[in-house]
Amino acid sequence: KAKSAALAESVETFEIGDTLTNNESAAPLTRISVEKPTLAMIFSVNTSPFSGKEGEAVQSRKLRERLLREVRQNVALKFEETEVPDQFRVLGRGELQMGILIEQMRRENFEIMVGKPIVLTKKDENGEVLEPIETVVCDVPEDAVGDVSQLFQRRKGILTKYEPFSGDGANKRIRLEFEIPTRGLLGTRSKFLAVTKGEGLMSSEWKGDMPWKGDIAHRVNGSLIADRQGETVEYALLNLEDRGIFFYGPGVPVYEGMIVGENNKDTDLNVNVCREKKLTNVRAASAEILVTLAGIRKMSLEDCIEWIDEDEWIEVTPKSIRIRKKVLAQNMRSVKR
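Residues numbered from 1 in each chain as written. Predicted model: local features only at pLDDT ≥ 70, side-chain atom pairs only at ≥ 80, totals over all residues. Heavy atoms only, no water.

This next bit is on the overall build of the chain. For the chain, the count of helices and strands is seven helices and 18 strands. Principal-axis analysis of the C-alpha atoms places the extent of the chain at approximately 95 × 55 × 40 Å. In the chain, which comprises 337 residues, the share counted as buried stands at 41%. Considering only contacts in the chain between residues 6 or more positions apart, those separated by 24 or more positions represent 73%. Element-wise, carbon and sulfur atoms account for 50% of the exposed surface of the chain, whose accessible area totals about 19,200 Å². (Helix = DSSP H or I, 4+ residues; strand = E, 2+ residues; numbered from the N terminus. Buried < 20%, exposed > 50% of the residue type's maximum accessible area, 1.4 Å probe, protein only. Contact = heavy atoms within 4.5 Å. Areas by Shrake-Rupley, 256 points an atom, 1.4 Å probe, with all protein chains shown as cover.)

Given below as structure tokens:
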């Protein structure tokens, strides 16, 4: 035991499946196979104007050490350096695994930024692009089969199995099996729970790399972007309500370049959400009529991961989840998407 412990301490680089022994004649154990990563996300130091206000503004060295520690504990994750010193590439099995890592770092009082997930593709000997395909098994109530099938088929999913699972009558449940690209699964879990009213069960397994399935419809709308630092004002939000749907209500701190909503059109729009009503002695007859916002779309971490584009970051702090442009200054970026 003492020799084995000393051997383990002396070996700095070893992976799951390696056999450590003090007997050279001992046969190695059968190697454990781990599924290869299918997604990559960029983790970055928080560079927003609110950095350090809600958590610990970590330096690149500390962020790197934290990610390396996670990779040593979780064999399904891989770590890579990037050309930018304060940005690191983490490779994992899926959106849920990345979301768990981000949530853990939030609870450890970290402030970080993460980019849009990138599907890991490869090319075969003929130069054809291959992408990871997942086998998704869903256990759903019978009355939700149509909505679930439509949800996955819009994302290039193919129904391969349909069979009764359990129950009868109103309690009958159906098991569905789909083959779907990994990129088609981004943001699907919350929508799946919504269409099944929380009664659906879903699991996925990597099947292999197959030819590219074509483009999947992503967000076609632009962003509503705050053009200055301050706090959102209800008067400003009411006047801009016809421009799109907002992610925040009144009284929320914002900064220039922070995304506050989704535009109705396919271009980005810089808006002043901090504009206050000028008070005068003149009062209109309708001044006392109560006017409220039609609705606010609350964005969870999973919603943000699906929604953002390549030129945007998700800013994650212990108290808030914000979406921002990579280039904050409005005169330095284009509004065309």
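Turning our eyes to something else, we now look at the nonpolar core. F43, L67, I112, V260, V273 and I314 are the most contacted members of the largest nonpolar core, which totals 46 residues. Ignoring any residue separated from it by four or fewer positions in sequence, one finds I112 in contact with F43, S44, N46, L63, I102, M105, I314, E315 and V316. Listed in part, the 15 residues of the second largest apolar core include V136, C138, F152 and I180. (Core = buried A, V, L, I, M, F, W, Y, C linked by side-chain atoms within 4.5 Å.)

This model, assessed by the stated rule, comprises five aromatic pairs. Between F50 and Y255, the aromatic rings sit 5.0 Å apart at their centres with planes inclined by 85°, giving edge-to-face as the arrangement. In this pair, F50 sits in the loop between strand 1 (39–45) and helix 2 (60–73) while Y255 sits in the loop between strand 14 (253–254) and strand 15 (258–263), placing the two residues 205 residues apart along the sequence. Y255 sits in the buried class, given a relative accessible area of 0%. (Phe/Tyr/Trp six-rings, centres within 6.5 Å; stacked < 30°, edge-to-face > 60°.)

Here the focus is the packing of helix 4 (residues 145–153) against helix 5 (residues 188–195). The contact between helix 4 and helix 5 brings their axes to 9 Å, and the two run at 160°. In terms of orientation, helix 4 lies roughly antiparallel with respect to helix 5. The hand of the helix 4/helix 5 crossing is right-handed. Contact residues: helix 4 offers D147, V148, L151 and F152, while helix 5 offers T188, K191, F192 and V195. Here the contact of helix 4 with helix 5 is built from residues that sort into five nonpolar, one polar and two charged. (Axes fitted to C-alpha atoms, helices over the stretch in contact; angles between N-to-C directions. Parallel < 35°, antiparallel > 145°, perpendicular 65-115°, else oblique. Left-handed = near helix turned anticlockwise from the far one by under 90°. Nonpolar A, V, L, I, M, F, W, Y, C, P; charged D, E, K, R; others polar.)

Looking at the element boundaries, E306 is found in helix 7 (residues 301–307). One polar contact links E306 to K191, side chain to side chain, over a distance of 2.8 Å. Setting aside residues up to four positions removed in sequence, E306 forms contacts with K116, R155, L186, G187, K191 and H218. (Polar contact = N/O pair within 3.5 Å; in protein donor to acceptor, adjacent residues only side chain to side chain.)

Together, E142, D143, D147 and E199 make up a region of like negative charge exposed at the surface. Looking at where E142 falls in the secondary structure, it is placed in the loop between strand 7 (129–141) and helix 4. (Patch = residues over 30% accessible without salt bridge, like charges linked within 9 Å, V, L, I, M, F, W, Y side chains within 5 Å. Salt bridge = Lys/Arg side-chain N within 4 Å of Asp/Glu carboxyl O. Lys, Arg positive; Asp, Glu negative; His and termini not counted. Charge placed at Lys NZ, Arg CZ, Asp CG, Glu CD.)

This part covers unusual backbone geometry. Residues other than glycine seldom take positive phi values, yet K156 does so here, at roughly 65°. When you line up the elements, K156 lands in the loop between helix 4 and strand 8 (158–166). The exposure class of K156 is partly exposed, given its relative accessible area of 34%. With a phi angle near 55°, K197 is a residue other than glycine that sits in the positive phi range. Following the sequence through the fold, K197 ends up in the loop between helix 5 and strand 10 (201–211). What makes K197 exposed here is its relative accessible area of 73%.

This paragraph deals with the pattern of salt bridges. Using the criterion set out here, one finds 23 salt bridges in the structure. The partner of R297 in a salt bridge is E262, with the nearest N and O atoms 3.5 Å apart. Taken together, the residues R297 in the loop between strand 16 (269–271) and helix 7 and E262 in strand 15 connect sequence positions 35 residues apart. According to the relative accessible area criterion, R297 is partly exposed, its value standing at 30%. Several salt bridges converge on common partners, so that one network encompasses D268, D311, E312 and K325.

What follows deals with the side chain of T232. As for its position among the elements, T232 is in the loop between strand 12 (230–231) and helix 6 (234–239). Since its relative accessible area comes to 4%, T232 is described here as buried. Residues in contact with T232, not counting those within four places in the same chain, are L237, G249, P250, G251, V252, V254 and V273.

Next up on the list: helix 4. In an α-helix, one turn spans 3.6 residues; hence positions three or four apart end up facing the same way. Listing the buried residues of helix 4 in full gives V145, V148, S149, L151 and F152. Taken end-on, helix 4 shows its buried residues confined to a sector of 160°, consistent with a single buried face. (Arc of directions from axis to C-beta.)

Taken together, the side chains of I16, I32, V34 and V75 define a hydrophobic patch exposed on the protein surface, amounting to about 290 Å² of accessible area. With respect to the helices and strands, I32 occurs in the loop between helix 1 (2–10) and strand 1.

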